[in-house]
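Summary of the model geometry
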Amino acid sequence: MSALFNFQSLMLVVLLTICTCTYLRAQAPALIDRNKTGVMGLFWKAARIGERLSPYVSIACLIMAFQFIMY
């Protein structure tokens, strides 16, 4: 529950979810594509965000990594 109260941890969880869903969709598209609605649809949406905004997601991951190294 501490990731909900700490903004840095929340952003890390969101970024890792986006990156993981995008990777899983690239490796096994049927696993993510069959669940487009409901709670599991959040993973499909995260994969779409990762595909369409990949340069921005990559930059955000680099910034978060640099921030964790320095602080």
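Below or above, wherever it landed, is the structure these notes cover. None of these values were measured; they are calculated from a predicted model.

With that out of the way, let us pick up the pattern of salt bridges. Side-chain pairing between opposite charges can occur once the charged atoms of the two side chains come close. For the coordinates displayed, the defined rule picks out three salt bridges. Here aspartate 33 makes a salt bridge to arginine 25, at a shortest N to O gap of 2.8 Å. Salt bridges sharing partners connect three or more residues here, namely Arg25, Asp33, Arg48 and Glu51.

In this structure, threonine 22 sits in helix H2 (residues 7–27). Residue threonine 22 is classed as buried on the basis of its relative accessible area of 19%.

Attention shifts here to the nonpolar core. Of all hydrophobic cores here, the largest spans eight residues; its members are Leu15, Ile18, Cys21, Ile32, Ala46, Ala47, Val57 and Met64. Mapped onto this core, the elements with two or more residues apiece are H2, helix H4 (41–52) and helix H5 (54–70). Here this core gets three residues from one element, more than from any other, and that element is H2. In this view, methionine 64 contacts Gln8, Met11, Leu12 and Leu15; residues no more than four positions away in its chain are not counted.

Attention now moves to a nonpolar patch on the surface. Taken together, Phe7, Leu10, Met11 and Val14 make up a surface patch of nonpolar side chains, about 340 Å² in accessible area. Structurally, phenylalanine 7 is set in helix H2.

Glancing now at the side chain of arginine 25. Mapped onto the fold, arginine 25 is located in helix H2. Exposure remark for arginine 25: the relative accessible area of 19% places this residue in the buried category. Here the side chain of arginine 25 touches glutamate 51 through a polar contact of 2.5 Å, side chain to side chain. Ignoring any residue separated from it by four or fewer positions in sequence, one finds arginine 25 in contact with Ile32, Asp33, Ala47, Arg48 and Glu51.

Basis of the calculations
- Residues numbered from 1 in each chain as written.
- Predicted model: local features only at pLDDT ≥ 70, side-chain atom pairs only at ≥ 80, totals over all residues.
- Heavy atoms only, no water.
- Salt bridge = Lys/Arg side-chain N within 4 Å of Asp/Glu carboxyl O.
- Helix = DSSP H or I, 4+ residues; strand = E, 2+ residues; numbered from the N terminus.
- Buried < 20%, exposed > 50% of the residue type's maximum accessible area, 1.4 Å probe, protein only.
- Core = buried A, V, L, I, M, F, W, Y, C linked by side-chain atoms within 4.5 Å.
- Contact = heavy atoms within 4.5 Å.
- Patch = residues over 30% accessible without salt bridge, like charges linked within 9 Å, V, L, I, M, F, W, Y side chains within 5 Å.
- Areas by Shrake-Rupley, 256 points an atom, 1.4 Å probe, with all protein chains shown as cover.
- Polar contact = N/O pair within 3.5 Å; in protein donor to acceptor, adjacent residues only side chain to side chain.

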